[in-house]
Amino acid sequence: MGNSKSIATPEHVAIIMDGNGRWAQARGKPRLFGHHAGARRVREIVEACPDLGVKYLTIFAFSTENWKRTQTEVSGLMKLFKRYLMSETKELVEAGVRVRFIGDRIKLDENLVALMDELELLTCDNDTVHLTIALNYGGRDEVARATKRLSREVAAGRIDPETVDAETLARFLDTYVLPDPDLVIRTSGEARISNFLLWQSAYSEYVFIDTLWPDFSRDEFARVLSSFSTRERRYGAVPG
Ligand code: FPP
């Protein structure tokens with residue numbers, strides 16, 4: 001099979017959770033109502049991971065572009081994140097979920113950052129599922145921040161610029177401890193990457209589904225995973 005590889009279950013699944021706003025609007029409700037429904041789905045999907053054989057789950061909660069939304073929506077989302085982190089802590093710790101955050105924390109409220117730090121610390125010995133939440137995350141921004149950190153090392157004489165390759169840069173990304181995603185799912189019928197895991201998804205499979213995120217159930221998740229297992233990944237090689 002050369003470099004090709006058939007995988008029964010993707011080890012790392014990344015999800016662009018899209019469609020909360022439309023889901024709420026279809027019910028004549030404000031957009032935040034959809035985000036709250038979306039948060040309940042996050043819980044269901046995280047809980048499903050061990051049974052479905054997913055070891056790493058990475059979710060896009062807030063992008064570097066999402067600050068352009070109305071002030072009401074942005075502050076409502078920030079409040080929701082805080083509430084979610086507080087209310088889920090016990091459950092996540094007990095379920096063996098290791099939580100990490102990726103993205104730039106600099107623009108986030110200090111109370112939110114304190115909760116993020118605390119949850120990372122409280123779950124740092126867990127290993128059942130690795131949940132990574134992308135908050136104020138953008139793929140280009142991540143590569144730019146990694147380049148800045150790498151440049152500092154070069155300027156300090158600790159890295160020889162002639163030795164810099166893709167592997168070197170990857171060590172400075174927010175995701176340096178995670179494997180690359182095998183599968184990226186986007187809900188709500190949009191077929192765009194929207195600056196999510198640009199570097200890491202170079203060889204990922206993509207699945208775009210029409211379901212709006214608040215309607216994305218555990219059963220549909222299981223179906224998407226089983227459709228993935230029938231695909232063959234070649235990593236640019238020719239099978240033979
Ligand atoms: C996209 O839907 C969704 C977001 C920008 C926010 C994602 C947040 C959640 C699912 C809430 C909870 C998350 C955590 C981690 C607790 P959209 O608003 O772009 O929907 P639209 O395209 O229909 O307008």
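This text goes with the structure placed above it.
If you're wondering where the values come from, they're calculated on a predicted model, not measured in any experiment. (Residues numbered from 1 in each chain as written. Predicted model: local features only at pLDDT ≥ 70, side-chain atom pairs only at ≥ 80, totals over all residues. Heavy atoms only, no water.)

Student: Describe in detail the overall build of the protein chain, supporting the description with residues and values.
Tutor: A count of helices and strands for the protein chain gives 7 helices and 6 strands. With the C-alpha coordinates of the protein chain rotated into their principal frame, the extents come out at 55 × 45 × 35 Å. Going through the 240 residues of the protein chain one by one, you find that 49% of them count as buried. For the protein chain, long-range pairs separated by at least 24 residues make up 77% of all intrachain contacts whose partners lie at least 6 apart in sequence. Working note: accessible area of the protein chain is about 12200 Å², and carbon and sulfur atoms make up 51% of it. (Helix = DSSP H or I, 4+ residues; strand = E, 2+ residues; numbered from the N terminus. Buried < 20%, exposed > 50% of the residue type's maximum accessible area, 1.4 Å probe, protein only. Contact = heavy atoms within 4.5 Å. Areas by Shrake-Rupley, 256 points an atom, 1.4 Å probe, with all protein chains shown as cover.)

Student: Describe the layout of surface pockets, listing the residues and the values that go with them.
Tutor: It is the rolling of a water-molecule-sized probe over the atoms that shows where space remains empty. Its volume calculated, the largest pocket comes out at about 670 Å³. If you go around the largest pocket, you meet 32 residues; those closest to its centre are Met 17, Phe 60, Ala 61, Phe 62 and Asn 66. Counting only elements with at least two residues in the lining of the largest pocket, the list comes to helix H1 (20-25), helix H2 (31-52), strand E2 (56-63), helix H3 (71-94) and strand E4 (129-137). As a volume, the second largest pocket reaches approximately 290 Å³. Around the second largest pocket, the lining comprises 18 residues; the ones closest to its centre are Arg 100, Phe 101, Glu 120, Asp 174 and Tyr 176. In terms of residue class, the lining of the second largest pocket is made up of 9 nonpolar, 2 polar and 7 charged. (1 Å grid on protein atoms, 1.4 Å probe; cavity = no way out; pocket = protein on both sides within 12 Å on 5 of 7 lines; lining within 4 Å. Points joined across faces, edges and corners; volume = space filled by probe spheres on them. Nonpolar A, V, L, I, M, F, W, Y, C, P; charged D, E, K, R; others polar.)

Student: Tell me what's going on with the sheet that holds E4, and back it up with residues and numbers.
Tutor: With parallel pairing, 6 strands are arranged side by side in an open sheet as E3-E4-E2-E1-E5-E6. Of all the strands in the sheet, just strand E3 (97-102) and strand E6 (205-208) have a single pairing partner and so form its edges. Going from strand to strand, the sheet's axes swing by 20 degrees on average, the running direction of each strand aside. With 4 bridges connecting them, strand E5 (residues 183-186) and E6 associate as parallel partners. If you follow Arg 186 over to E6, its bridge partner there is Phe 208. Sitting on the sheet, H2 touches strand E1 (12-16), E2, E3 and E4, and the angle it makes with E2 is about 165 degrees. (Pairing = 2+ DSSP bridges. Axes fitted to C-alpha atoms, helices over the stretch in contact; angles between N-to-C directions.)

Student: I'd love a proper account of H2, names of residues and values included.
Tutor: With 22 residues, H2 should cover 32 Å at 1.5 Å per step; its first-to-last C-alpha distance of 31 Å lies within 8% of that length. Restricting attention to buried positions, one finds in H2 the residues Gly 34, His 35, Ala 37, Gly 38, Ala 39, Arg 41, Val 42, Ile 45, Val 46, Ala 48, Cys 49 and Leu 52. Just beyond H2, the residue with positive phi is Gly 53, at close to 80 degrees. (Expected span 1.5 Å × (residues − 1).)

Student: Explain the packing of H2 against helix H7 (residues 218-229) to me, using residue names and the numbers behind them.
Tutor: Where H2 meets H7, the closest approach of the two axes is 10 Å, and the angle between their N-to-C directions is 45 degrees. By the angle class used here, H2 and H7 are oblique. Seen along the crossing, H2 lies across H7 with a hand that is right-handed. Contacts between H2 and H7 involve Glu 44, Ile 45, Ala 48, Cys 49, Asp 51 and Leu 52 from the first element and Arg 218, Phe 221, Ala 222 and Leu 225 from the second. The residue inventory of the contact of H2 with H7, partitioned by class, reads 7 nonpolar, no polar and 3 charged. (Parallel < 35°, antiparallel > 145°, perpendicular 65-115°, else oblique. Left-handed = near helix turned anticlockwise from the far one by under 90°.)

Student: Please give an account of the nonpolar core that cites residues and values.
Tutor: With 46 residues, the main nonpolar core has Val 13, Ile 15, Leu 57 and Phe 221 as its most contacted residues. If you tally residues by element for this core, the top one is H3, at 8 residues. Leave out the neighbours within four places in its chain, and Ile 15 touches Ile 45, Leu 57, Thr 58, Ile 59, Phe 60, Ile 185, Phe 196, Trp 213 and Phe 221. Counting 9 residues, the second largest nonpolar core, distinct from the first, contains Ile 102, Tyr 137, Phe 196 and Leu 197. (Core = buried A, V, L, I, M, F, W, Y, C linked by side-chain atoms within 4.5 Å.)

Student: Before we move on, can you summarise the environment of Lys 79 with the specific residues and values?
Tutor: In this fold, Lys 79 is placed in helix H3. Judged by its relative accessible area of 61%, Lys 79 is exposed. As for Lys 79 and Thr 168, which are separated by 89 residues in sequence, their C-alpha atoms are 37 Å apart.

Student: I'd like a description of the site of the ligand, backed by residues and values.
Tutor: Of all residues adjacent to the ligand, which total 18 residues, the nearest are Asp 18, Gly 21, Arg 22, Arg 31 and Arg 69. Contact between the ligand and Asn 20: an oxygen atom at 3.2 Å from a main-chain N or O atom of the residue. Between an oxygen atom of the ligand and a main-chain N or O atom of Arg 22, the distance comes to 2.7 Å. For the ligand, the protein covers 92% of the area, taking 620 Å² as the surface of the free molecule. (Near = heavy atom within 4 Å. Polar contact = N/O pair within 3.5 Å; in protein donor to acceptor, adjacent residues only side chain to side chain.)

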